[in-house]
Amino acid sequence: MKISRAAISLIITLVLSFGAQARRDIRVRIYSDRTFKSVQLVIFSGNYEMSDSSGTVQKAWNKNDTLTIKPVNNELVVFSSADTLFMGKFIRLQSKGFLNIFQVLLPDPKRLYDDNILISLREDGTLWLINEVELEHYVAGVVQAEAGIAKNIEFFKVQAVAVRTFTLRNIEKHAAEGYQLCDQTHCQVYKGRCGNTDIMLATSKTAGEIMVDTSGQPIMAVFHSNSGGQTANSEDVWGKAIYYLRSVNDPYSIGQNSYSWQKTMPRTEWLEYLRKNYEYPINIPSEVKQVTSFQQAARRAYLVDNISLRKVREDLKLRSTFFNISEQDDQIVFSGKGFGHGVGMSQEGAMNMARQGFNYIDILKFYYLGIEITTLDQISPTE
Ligand SMILES: [Zn+2]
């Protein structure tokens with residue numbers, strides 16, 4: 001691996017700034033959407049010690065060593081160019097060098113991961129891969145997987161704090177299965193190490209920072225693509241009022257990429273949908289008028305009576321609940337604003353604010369009301 005001068009100085013910066021915070025590792029199950037019975041790894045950078053389930057170190061691996069690991073007679077066996085090692089049902093590859101990176105060749109695609117890997121053999125003969133990764137490495141990886149297209153360090157800081165907050169709040173999500181988070185949308189999408197220097201910098205500049213509520217707990221840092229100019233109250237989407245997830249007027253989302261949308265459907269189909277699902281009286285003209293000329297200047301939760309906009313959005317696969325309805329010939333036109341559930345932070349609004357020069361703390365406090373930003377060392381000091 002060739003490392004440029006800029007990258008070396010960045011790495012030094014990262015080591016120094018992460019050093020100010022205690023090191024925290026988290027266990028993330030990787031390739032958790034796949035089933036596989038063998039894995040191939042390459043030591044991409046650094047040095048690793050391999051131990052078995054008893055904790056006994058069996059071998060050290062160095063850069064470019066390639067390992068194929070698969071079960072033989074219900075035991076994990078490691079094949080390399082020089083050795084065949086019988087390891088039992090569990091293998092730990094513990095990083096020992098300075099910049100420790102391993103590459104997973106199988107199962108495809110080839111991805112790079114930081115820090116340690118744990119491999120276990122399941123009852124059904126398949127393998128689980130758990131990346132035991134330093135929290136800040138993980139945060140940078142998730143920011144890249146979820147927001148990698150933007151090119152604004154302040155926006156990446158916003159994302160890094162949100163991702164770190166989500167991570168801490170959901171750290172018990174897979175406790176029963178022996179790890180902490182999976183690498184899919186169920187938790188947060190994570191496709192290995194971050195290779196973007198802007199994201200690495202934004203992560204290191206905010207190292208350890210999370211958003212907390214008045215009781216000091218990590219907040220529910222939910223976000224969506226675009227609020228349509230007004231965010232939604234949490235209870236209108238999930239039924240539960242949370243004080244920091246209040247509707248705010250959001251001029252920063254207006255005019256951004258996903259600001260507006262339109263969808264049409266036959267008038268008869270729309271009325272039939274309402275009759276079938278809600279016994280809506282589609283033979284009464286005044287009632288029909290209400291659902292064919294619906295307007296919401298500010299966000300509303302219901303179309304009429306008991307018909308929630310959230311349910312209509314789900315059923316008709318609309319981009320948001322923030323829409324007006326009009327008629328055109330025999331068609332119904334939904335003219336909507338925003339993209340997503342609308343609760344918490346609008347990503348496009350936050351990106352716009354960052355471009356306009358707001359700092360990440362102002363942006364987070366604009367979308368999450370009354371929250372505080374603290375560091376992990378303050379809420380859970382390590383020994
Ligand atoms: Zn999960």
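K.L.:
Which residues make up the nonpolar core, and what are the values?
P.N.:
One finds Ile119 and Tyr368 to be the most contacted residues of the largest nonpolar core, which totals 79 residues. Discounting chain neighbours no more than four positions away, the residues touching Tyr368 are Met211, Ile219, Met220, Ala221, Val222, Phe223, Tyr244, Leu245, Gly344 and Met345. Counting residues in hydrophobic clusters, the runner-up holds 22 residues, among them Leu303, Val304, Leu316 and Phe323.

K.L.:
Which residues make up the sheet that holds strand S9 (residues 101-106), and what are the values?
P.N.:
Backbone-to-backbone hydrogen bonds join strands into a sheet, with any given pair of strands oriented parallel or antiparallel. Pairing is antiparallel in the open sheet, where six strands are placed in the order S7-S6-S5-S2-S9-S10. Whereas interior strands pair on both sides, the edge strands pair on one side only; in this sheet they are strand S7 (84-88) and strand S10 (111-114). Each strand axis lies, on average, 30° off the axis of its neighbour in the sheet, ignoring direction. In terms of strand pairing, strand S5 (residues 66-72) meets strand S6 (residues 75-79) through five bridges, oriented antiparallel. Each bridged residue has a counterpart across the sheet, and for Pro71 the counterpart in S6 is Leu76.

K.L.:
Describe the coordination of the zinc ion, with residues and values.
P.N.:
Distances from the zinc ion to its protein donors, namely His174 (NE2), Cys182 (SG), His186 (ND1) and Cys187 (SG), fall within the range 2.0 to 2.3 Å. For the zinc ion, the four donor atoms are set out with angles of 102 to 119° between them, so the coordination reads as tetrahedral. Classification of His186 by relative accessible area gives partly exposed; the value is 45%.

K.L.:
Explain the pattern of salt bridges residue by residue, including any values.
P.N.:
Scanning the model with the defined rule gives 16 salt bridges in all. A salt bridge links Lys157 to Glu154, with the shortest nitrogen-to-oxygen separation between them at 3.3 Å. Of this pair, Lys157 and Glu154 both sit in helix H3 (residues 153-169), three residues apart, which is roughly one turn of the helix. Note on Glu154: relative accessible area 18%, which makes it buried. Between Arg246 and Glu235 there is a salt bridge whose closest N-O contact spans 2.6 Å. Placement of Arg246 in the loop between helix H5 (234-238) and strand S16 (260-266) and of Glu235 in helix H5 is noted, with a sequence separation of 11 residues between them. When its relative accessible area of 29% is taken as the criterion, Glu235 is described as partly exposed. Residues joined in a network through salt bridges with shared partners are Arg23, Asp25 and Asp115.

K.L.:
So, the environment of Ser346: which residues are in play, and what are the values?
P.N.:
Locating Ser346 in the fold gives a position in strand S21 (residues 345-346). In this structure Ser346 comes out as buried when scored by relative accessible area, which is 0%. Remark: the alpha-carbon pair of Ser346 and Ile332, spanning 14 residues in sequence, is separated by 28 Å. With residues up to four places along the chain from it excluded, the contact list for Ser346 reads His224, Ser225, Asn226, Ser227, Asp250, Ser253 and Tyr367.

The rules behind the values
- Residues numbered from 1 in each chain as written.
- Predicted model: local features only at pLDDT ≥ 70, side-chain atom pairs only at ≥ 80, totals over all residues.
- Heavy atoms only, no water.
- Core = buried A, V, L, I, M, F, W, Y, C linked by side-chain atoms within 4.5 Å.
- Buried < 20%, exposed > 50% of the residue type's maximum accessible area, 1.4 Å probe, protein only.
- Contact = heavy atoms within 4.5 Å.
- Pairing = 2+ DSSP bridges.
- Helix = DSSP H or I, 4+ residues; strand = E, 2+ residues; numbered from the N terminus.
- Axes fitted to C-alpha atoms, helices over the stretch in contact; angles between N-to-C directions.
- Donors = N, O, S within 2.8 Å, 3.2 Å for Na, K, Ca; no water.
- Tetrahedral: all angles 85-135°; square planar, octahedral: opposite > 155°, others 65-115°.
- Salt bridge = Lys/Arg side-chain N within 4 Å of Asp/Glu carboxyl O.

So, to be careful, I would describe these as geometric facts and stop short of saying anything about function.
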